[in-house]
Amino acid sequence: MQLIIENFPLLLTGLWHTLQLAIVTLLGSTVISVAFGLMGVARSGVLRATSMAYVEFFRDIPLIVNVLFVYFGAPLIGISLDPFGAATISFSLWGGANGAEIVRSGFNSVPLHQERSAVALGLKPWEVMWYVLAPQALLPIIPPFTGLFSLLIQATSLASMVGAMEFFRTSQIIVERTTMMTGYSPAFLVYGFVLLVYFVICASLSALTKRLETSLSERQSRRGGRKAAIPQAANESI
Amino acid sequence: MPNSPATAEGPVISVRGVVKKYGNMRALDGVDADVSRGEVVVVIGPSGSGKSTFIRCLNGLERVDGGRVTIDGMPISTRRDWQVARRRIGMVFQDYSLFPHMTVMSNICLAPVRARVGTRAETEERAMEMLERVGLAHKANDFPAALSGGQQQRVAIVRALAMKPEAILFDEPTSALDPETIGEVLAVMKELAREGMTMVVVTHEMGFAREVADRVVFMDKGRIVEIGPPEVIFTSPREDRTKAFLEMIF
Ligand SMILES: Nc1ncnc2c1ncn2[C@@H]1O[C@H](COP(=O)(O)OP(=O)(O)OP(=O)(O)O)[C@@H](O)[C@H]1O
Ligand SMILES: [Mg+2]
């Protein structure tokens, strides 16, 4: 415990970097997921094929290979990336591919007749998407997306592989430094603490989305609905 | 309830030489038909004869592979043409297809409010009136899951009507219903017909066809075999295939 308090500033910096990594990664992944997920259900065969190629390519590469590839590969095409940039880009590409697949299957789970009857009402394509399909796709999308998010948060520790000073890397440094100075390795203690922190982050994330999910599904199955036109009869039914 | 005609003369919907292929199979093989204003056309025929395909071509849910479809004298071809035309040609499906995440009221008001058929307040007021007439005013704020099949189908009809369409297409609107609720849906459709709504109805309800249809269309193998008034089709059809079909179902 002493050790963790002593090194608190360093750990805090690490944690801060991890949070930054995570936030940028989650945002990037979400944007890519939605874009490629929607392309995956597009009318145009070219868009669908593009989305599928992207998804298959990045899902099939282990994340760690992906990180190393982006970090060491980018300079070859004339882009130099710092560890933070390389990590967020490769995480987002990977997260986006997995997320796109989730978004796509979320939309595919909405029965075909829903789209057909929305189209038959003369709604514009974006209106069909926004008012009819997206709200119904959201519910099946949330649980697997939460899983993906915690996976990505945990995966931020891989950024240490290319030298990003994130939480995991700083704790590694603490372990190494202490071992060198005292001859005794605090690995169990420090990594135990690291584990606890990742657990708290991911558990609160899934608790949060669980609540979102419940409130969403409650709203969708609630019998009352919007009390608009007819106050007197609203409570009479079922 | 139907709009005043944009063009007093001429059919609301007209199809000429329409062909629809699925792979090599011709689901529609050169279909010609006109639907006049205020007319009720009932389409009958064996399973797989192309009835659904035909009716879906009338509002562009199927893209035709040949021939053309004209609405109010205007040829409709592009996606955008169809999207606008569909506001004038309502459709009611076998599986009602209400939007499960919206209340009955929101289901009805979504499209007319988006298309600015009226303001939200006007539309809700009109929706309430129509719901009252089909006996479902007390369900306005319920979600579809709380309604029986027959009730959902009546809401689907109101939803189509809320667009103030010139015609409504029905594809087997009672086939998915429990026998005891079929009557309530047919009653609503009969009343619509009486009020002069232009309707095209695919149905196996021969009683309805006899009573309400101005003309009956018999389809087989992607073609219209025979068109005529119900008295003629049901009692003295010209074609052998029509005879055979009617003998089979009666
Ligand atoms: N999406 C599709 N893909 C391939 N073939 C199809 C498709 N839709 C319909 N068909 C075929 O086209 C033909 C006509 O089908 P359609 O659904 O129009 O018949 P129907 O008269 O409505 O039959 P039913 O009374 O069973 O509803 C059938 O042979 C059917 O198998
Ligand atoms: Mg059919």
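Our subject is the structure listed above.
Basis of the calculations
- Residues numbered from 1 in each chain as written.
- Chains lettered and ligands numbered in written order.
- Predicted model: local features only at pLDDT ≥ 70, side-chain atom pairs only at ≥ 80, totals over all residues.
- Heavy atoms only, no water.
- Pairing = 2+ DSSP bridges.
- Helix = DSSP H or I, 4+ residues; strand = E, 2+ residues; numbered from the N terminus.
- Axes fitted to C-alpha atoms, helices over the stretch in contact; angles between N-to-C directions.
- Expected span 1.5 Å × (residues − 1).
- Buried < 20%, exposed > 50% of the residue type's maximum accessible area, 1.4 Å probe, protein only.
- Arc of directions from axis to C-beta.
- Contact = heavy atoms within 4.5 Å.
- Near = heavy atom within 4 Å.
- Areas by Shrake-Rupley, 256 points an atom, 1.4 Å probe, with all protein chains shown as cover.
- Nonpolar A, V, L, I, M, F, W, Y, C, P; charged D, E, K, R; others polar.
- Patch = residues over 30% accessible without salt bridge, like charges linked within 9 Å, V, L, I, M, F, W, Y side chains within 5 Å.
- Salt bridge = Lys/Arg side-chain N within 4 Å of Asp/Glu carboxyl O.
- Lys, Arg positive; Asp, Glu negative; His and termini not counted.
- Charge placed at Lys NZ, Arg CZ, Asp CG, Glu CD.

Visitor: For this particular structure, what's the right way to read the sheet that holds strand β2 (residues 25-35) of chain B?
Guide: Residues and elements named next belong to chain B. Spatially, β2-β1-β4-β5 is the arrangement adopted by the four strands of the open sheet, whose pairing is antiparallel. In the strand order of this sheet, the two ends are held by β2 and β5 (74-76), each with one partner. Within the sheet, the average angular offset between the axes of one strand and its neighbour, ignoring direction, is 30°. Two elements, strand β4 (residues 66-71) and β5, share three bridges in a ladder whose sense is antiparallel. Bridge pairing in β5 places Ile71 opposite Met74.

Visitor: Before we go on, may I ask you to explain helix α6 (residues 179-194) of chain B in this structure?
Guide: Because each turn of an α-helix spans 3.6 residues, side chains separated by three or four positions in sequence point in the same direction. Residues and elements named next belong to chain B. Taking 1.5 Å per residue as the helical rise, α6 with its 16 residues ought to reach 22 Å, and the 23 Å between its terminal C-alpha atoms agrees with that figure. Buried within α6 we find Thr181, Ile182, Val185, Leu186, Val188, Met189, Leu192 and Ala193. Down the axis of α6, the buried side of the element spans an arc of 155°, and every buried residue falls inside it. Among the exposed residues of α6, those oriented more than 90 degrees off its buried face are Glu180 and Arg194. In this fold, the buried residues of α6 make contact with β3 (40-44), α5 (149-161), β7 (167-171), β8 (198-202) and α7 (206-212). Immediately downstream of α6, the backbone of Gly196 shows phi near 95°, a positive value.

Visitor: Explanation requested: the site of ligand 1 in the structure shown.
Guide: All names here are of chain B. In the vicinity of ligand 1, the contacting residues are Tyr22, Met25, Ala27, Pro46, Ser47, Gly48, Ser49, Gly50, Lys51, Ser52, Thr53 and Glu172. A total of 630 Å² of accessible area belongs to ligand 1 in isolation, and the protein chains cover 61% of it. Counting only elements with at least two residues in the shell around ligand 1, the list comes to β2 and α1 (51-57). Broken down by element, the shell around ligand 1 gets its largest block of residues, three residues, from α1. Across the shell around ligand 1, the residue classes break down as four nonpolar, six polar and two charged.

Visitor: How should a negative patch on the surface be read in this particular structure?
Guide: A contiguous patch of negative charge, built from Glu122, Glu125, Glu129 and Glu132 of chain B, is present on the exposed surface. By the secondary structure assignment, Glu125 of chain B is in helix α4 (residues 120-133).

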